[in-house]
Amino acid sequence: MAETETAEAVQTEGGLPEESLTLLKNIREMLNEEKWTRAALSNYSTSQFKDFDALLKEAKDLRVIDEMKKDCDEHLSHSKNSIIALYLSGMVALSRQIIDDAAMINLVTIFADNHKWGIVKYLCERILDYGESKFALRTLIDGYKNENEETVIYDIWERLIKVDYEEADIAKSLAEHYEKEGNNEAAVDYYKKALHRYINKGLFANVKEIWEKLLLYCPEDIHFFLHVQKKVAKNISEERAIDLLKAVYSFCKDQDVDMAITILKIVLQYDEKDYPARKEIVECYKKKYASHSQLEDYIRISNLSQSYRNVHEAITDFEKHIAFDKGNFVFHRTWGVGRIAGIQGDEIKIDFAKKSGHTMSLKMAVGALQTLAKDHIWTLKATWKKEKLLEKVKGDIPWTLRTIIKSFGNSCDTKRIKAELCPSVLSEKEWPSWNAKARDILKSDPGFGVSPDNIDIFTVREHPIKVSEKLYNEFKAERNFFGRAATIRSFVNQKDAELDSEYFAEMFSYLTSFLKTSNQAGEQSIAAYLLIKELAVKYPHLGANLPLNFADIIRGISDIPGLFQNLKDNRFKEEFLHHLQMFIPGWADIFVELFPRTMITAIINQLEKEGYHEKLTAMTLDCFDHFRDRREAVVWLIKNATSADWFKAANINLERQLIVLIHILDLTYRDIENQRETTEARKINKQAYTILFKEDVLGSFIDNADDDTITRLYTFINDVKNLDPQDKINLKSRIQDRRPDFKFSESVEKRISQGLTVTRIKFDEKQKQLAHIMDVEVPANSREIEAARLHGDLKENAEYIAAKEKQVLLNTAAERLKEDIDRSQIFDPATIDTSRVSFGTVVVLHNESKDRKEEYTILGPWESEPEHNIISYQTPFGKAMLSKTVGEHFNFLSDGEKNLYTVEAIKAANI
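Note that the coordinates shown come from a computational prediction; the quantities given were computed from them, not determined experimentally. (Residues numbered from 1 in each chain as written. Predicted model: local features only at pLDDT ≥ 70, side-chain atom pairs only at ≥ 80, totals over all residues. Heavy atoms only, no water.)

### Digging into the overall build of the chain
Reasoning step 1: Helices and strands together make up the secondary structure of the chain, namely 45 helices and 14 strands.
Reasoning step 2: Along the first, second and third principal axes, the C-alpha atoms of the chain reach 120 × 115 × 60 Å.
Reasoning step 3: The buried share of the chain, taken over its 911 residues, is 47%.
Reasoning step 4: A total accessible area of about 47,600 Å² is found for the chain, and carbon and sulfur atoms account for 47% of it. (Helix = DSSP H or I, 4+ residues; strand = E, 2+ residues; numbered from the N terminus. Buried < 20%, exposed > 50% of the residue type's maximum accessible area, 1.4 Å probe, protein only. Areas by Shrake-Rupley, 256 points an atom, 1.4 Å probe, with all protein chains shown as cover.)

Set out below in structure tokens:
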């Protein structure tokens, strides 16, 4: 009876169809039957779990998955080992990528403890249907071992290695397996994985064993060994790194003397008192420079073989000296590139382009000259014809990049590249196109890499770099969290992404570190969590075992809008909003709080979709009430939401909207003038101005407004100090055209005259005039005053009095100029309006009283030249003409004589 009542309640509350209610009822009966009969584990088989799968499919088809899971979770609260409830609830959680997989782990553990391996394998395979799981794979391995099916274990091992970045022993076992089969390529791959993982664990004995194996199989992969030894030095010890490096050196010393020297330098960097390494590097230098005429002398001069001298200083000294030999190139900061003509004892002779046969001591040469390789870009610019070099630079961009980067110690940014090419080889016009191609090559060509310390520094690779390694280097070089996050995303999205590589393991560890710290309530922790969840959509195992969920992180955030704005990636912002809506009960209030600071349309759309109209209305009222702090939100609402019912419900009439927009216009002009957040201010200013003037919302409203409203709005407009005076004049003329009897108050008329429209030429001229007064005339006057003081008796000192009078005149002139410049508005010729008389137009009048044509150019007081019929719009005659259209008549009284004029033509002035 109770169950029937419950079913009816569900039907009443949820409106579920009879078929759905029947299914839920049957599942509840199964759960109760299991509870009361206490079915033994031995009674379960894989066929029963297949029946449960059919129930899951039916619940999904009938769309009652949520109700079913709720019933199962409630049942588990008092019957925690219910097989049916654990399976149904656990499989729903898996299908939804919910982090908590405790139900399935508990279920598998129950059957594993009871050695029901057939069921264990089935359950593990079902878990793996939704993505790789370390727990399921390890348990599956145990299942196959217990049923003596070890031949399939290798495939599962390979899957486990790809998701468990710490597992080293299985990686080694796989390597040994492939080694026995003769698949050396696969063996090397797994030995490398095992090597990195043993290093992370600090197990040097295992590291050394695998190191020796890899030296047998891939001794030529020197860059791999050099990369790994750094990790050994950091994670284990520098002493252990030296042991490994000496093994690599033994291979290199007879094969590649340059690499042998590089290895010995690293050894000596770790231990400068390693005398065997010092002795070996001397022998390597002798081998490399066997044909050098001054070899023994330079070894002796540098004390390279003498233990009492610091080995690093000795190496630096030797390498400086050894570069000086006949035929080599050098650079002098004054004489440029030269070539060594000969060395005789301690004297060196050099041929520079403008100073042939110059001699200096070797000691001086070492300090004053920079040695250059034959393929150094400076050498090529000095020895090649410009036409030849230009052709090569344009035709072979990779060669150019390699040449320049290697010229500067294999470390170079694009600024240096440009400095070497422009303007000596490429013109400034040619550079942008060439640079765009070069950047694409630096990004995609495996022959180039980036410095691990600086993402802007490029290097040349002796061996092509894999995309994964290149991205890893970019990750290491990037210092910004969001830059690193973008690189991780690129790494995962590449074709055949190596998620089991040590590169990704380090990247992923970087992300998870933000979720383990004591303070997880920051934008980096949120972004790390969101990125892991994003990656887990494609690779579910990445989302397993996260230490906390979204609600846990949000709980510690006091300023959600501030955090949201700090998410420097639109994708993170989208996911953040999605997670708020999915997992936070009060998400709508947070959305309302977010919108005025973000203006994201999706926020409004979701609030509308979910029916939160009252919250939207309240938010709108709040924005208008606090428009000073919500200016961008107000502009957005006026542009995009005035037709929405929730906006109309706020009862904000058009006049109030216009007044608020005018205030915003004024506020943003002030911010721009005072250089406060000018980029944002300019953006909002432009939007408000467009609505008011370009879209003609203000003018159209005033056309139909009453006198009080017109006076009120026009007063506000004239209070906007930095608004173009022409806009004020045009608005006034429009009002006068439509309301000939309308009277402007004296205060309004006074404010109209305060603006000053000027041309760019005159504005620049006045600024130069002011600069000349302040920078030339004022200092000169100060010197005159000081000189006059020396004559004594200031009261009777004519020179002093004259100088002080001049000072007053200069200060007055400067103040007047500053005032005029401050209130001036530069006129944009592109805005000339020839439909009516206005600033920047040429007006052809017919003087009806005197029957003659007259032509005037309307500009400002700075440009005014009455003798050339260029008059100011501020003069009485100029004001009389303003806003008149072709064919219009007007009277003007001049010198007591009244003249009637007709406007015959209006054209743009040449300004």
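### Some points on the sheet that holds strand β12 (residues 870–872)
Reasoning step 1: If you trace the 5 strands from one edge of the open sheet to the other, you get β12-β11-β10-β14-β13, paired in mixed fashion. Both outer strands of the open sheet, β12 and β13 (889–894), are each paired with one neighbouring strand and no more. On average, adjacent strands in this sheet sit at an angle of 45 degrees to one another, irrespective of strand direction.
Reasoning step 2: Of the strand pairs in this sheet, β13 and strand β14 (residues 897–908) are connected by 6 bridges, and their pairing is antiparallel. Bridge assignment links F890 to a residue of β14, and that residue is Y901. (Pairing = 2+ DSSP bridges. Axes fitted to C-alpha atoms, helices over the stretch in contact; angles between N-to-C directions.)

### Digging into the pairing of strand β6 (residues 448–451)
Reasoning step 1: For β6 and strand β7 (residues 454–460), the ladder comprises 4 bridges, and the chain directions are antiparallel. Pairing of F448 across the sheet is with V460, part of β7.
Reasoning step 2: Linkage of β6 to β7, two consecutive antiparallel strands, is achieved through a turn of 2 residues.

### What to know about the confidence of the model for the chain
Reasoning step 1: Per-chain confidence: the chain averages 87 in pLDDT, with 95% of residues scoring 70 or above.
Reasoning step 2: In the model, residues 1–13 has pLDDT below 50 throughout and makes 10 contacts with residues more than four positions away in sequence or in other chains.
Reasoning step 3: Taken as a whole, residues 746–753 scores under 50 in pLDDT and shows 13 contacts with residues more than four places along the chain or in a different chain. (pLDDT = per-residue confidence, 0-100. Contact = heavy atoms within 4.5 Å.)

### Side note on the side chain of T857
Reasoning step 1: The residue T857 is located in strand β11 (residues 852–859) in this model.
Reasoning step 2: Overall, T857 belongs to the buried group, its relative accessible area being 17%.
Reasoning step 3: Sequence-distant contacts of T857, defined by excluding residues within four places in its chain, comprise T841, V842, N869, I870, I871 and A909.

### A short note on the sheet that holds strand β2 (residues 336–344)
Reasoning step 1: Spatially, β4-β3-β2-β1-β5 is the arrangement adopted by the 5 strands of the open sheet, whose pairing is antiparallel. Both outer strands of the open sheet, β4 (355–361) and β5 (370–372), are each paired with one neighbouring strand and no more. Along the sheet, successive strands turn relative to each other by an average axial angle of 40 degrees, direction set aside.
Reasoning step 2: Bridge count between β2 and strand β3 (residues 347–352): 6 bridges; the pairing is antiparallel.

### Re helix α6 (residues 102–113)
Reasoning step 1: The end-to-end C-alpha separation of α6 is 16 Å, in line with the 16 Å expected for 12 residues at 1.5 Å each.
Reasoning step 2: At its buried positions, α6 is contacted by α3 (46–61), α5 (83–95), α7 (117–128) and α8 (134–146).
Reasoning step 3: Just beyond α6, the residue with positive phi is H115, at close to 60 degrees. (Expected span 1.5 Å × (residues − 1).)

### Things to note about the side chain of H196
Reasoning step 1: Relative to the assigned elements, H196 resides in helix α11 (residues 184–201).
Reasoning step 2: H196 sits in the buried class, given a relative accessible area of 2%.

### Re the packing of aromatic side chains
Reasoning step 1: This model, assessed by the stated rule, comprises 43 aromatic pairs.
Reasoning step 2: Seen in terms of ring centroids, F491 and F504 are 5.8 Å apart; in terms of plane orientation they differ by 20 degrees. Their pairing is stacked. Placement of F491 in helix α26 (residues 481–493) and of F504 in helix α27 (residues 502–513) is noted, with a sequence separation of 13 residues between them.
Reasoning step 3: Ring plane angle 70 degrees and centroid distance 6.1 Å describe the contact between F624 and F647, whose orientation is recorded as edge-to-face. Here the residue F624 occupies a position in helix α34 (residues 613–625), and F647 occupies one in helix α36 (residues 645–648), the gap between them amounting to 23 residues. (Phe/Tyr/Trp six-rings, centres within 6.5 Å; stacked < 30°, edge-to-face > 60°.)

### Thoughts on the pattern of salt bridges
Reasoning step 1: Evaluated as defined, the whole model comprises 50 salt bridges.
Reasoning step 2: Linking D396 and K392 is a salt bridge whose minimum nitrogen-to-oxygen distance equals 3.4 Å.
Reasoning step 3: A relative accessible area of 30% places K392 in the partly exposed class.
Reasoning step 4: D625 is paired through a salt bridge with R656; the nearest N and O atoms lie 2.9 Å apart. One end of the pair, D625, is in helix α34; the other, R656, is in helix α37 (residues 654–673), and 31 residues separate them in sequence.
Reasoning step 5: Residues participating in the shared-partner salt-bridge network are R489, E534, D569 and R571. (Salt bridge = Lys/Arg side-chain N within 4 Å of Asp/Glu carboxyl O.)

### Some remarks on the nonpolar core
Reasoning step 1: By size, the foremost hydrophobic cluster in this structure holds 124 residues, and its most contacted members are F49, M68, Y87 and F324.
Reasoning step 2: Excluding residues within four positions of it along the chain, F49 makes contact with Y44, I83, Y87, L107, F111, I119, Y122 and L123. (Core = buried A, V, L, I, M, F, W, Y, C linked by side-chain atoms within 4.5 Å.)

### A few points about the packing of helix α31 (residues 570–583) against helix α32 (residues 587–598)
Reasoning step 1: Between α31 and α32, the shortest axis-to-axis distance is 8 Å and the interhelical angle comes to 150 degrees. Comparing their axes, α32 and α31 come out roughly antiparallel. Residue-level contacts link L577, L580 and Q581 of α31 to W587, I590, F591 and L594 of α32.
Reasoning step 2: Residue classes in the contact of α31 with α32 are distributed as 6 nonpolar, 1 polar and no charged. (Parallel < 35°, antiparallel > 145°, perpendicular 65-115°, else oblique. Nonpolar A, V, L, I, M, F, W, Y, C, P; charged D, E, K, R; others polar.)

### Quick word on unusual backbone geometry
Reasoning step 1: The omega torsion across C422 and P423 is 0 degrees, close enough to zero to call that bond cis.
Reasoning step 2: Residue position: P423 is located in the loop between α23 (414–421) and α24 (431–444).
Reasoning step 3: With a phi close to 55 degrees, M599 is a non-glycine residue in the positive phi region.
Reasoning step 4: Secondary-structure assignment places M599 in the loop between α32 and α33 (601–609).
Reasoning step 5: M599 sits in the buried class, given a relative accessible area of 13%.
Reasoning step 6: Its identity is not glycine, yet D696 carries a phi of approximately 60 degrees, on the positive side.
Reasoning step 7: As for its placement among the helices and strands, D696 is situated in the loop between α38 (678–694) and α39 (697–703).

### A few points about the pairing of β11
Reasoning step 1: Bridge analysis of strand β10 (residues 841–847) against β11 gives 7 bridges, and the strand direction is antiparallel. The partner of V843 across the bridge, within β11, is Y856.
Reasoning step 2: The turn linking β10 back onto β11 is made up of 4 residues, and D851 within it adopts a positive phi angle of 50 degrees.
Reasoning step 3: Judged from the 3 bridges that link them, β11 and β12 form a sheet pairing that is parallel. Bridge pairing in β12 links T857 to I870.

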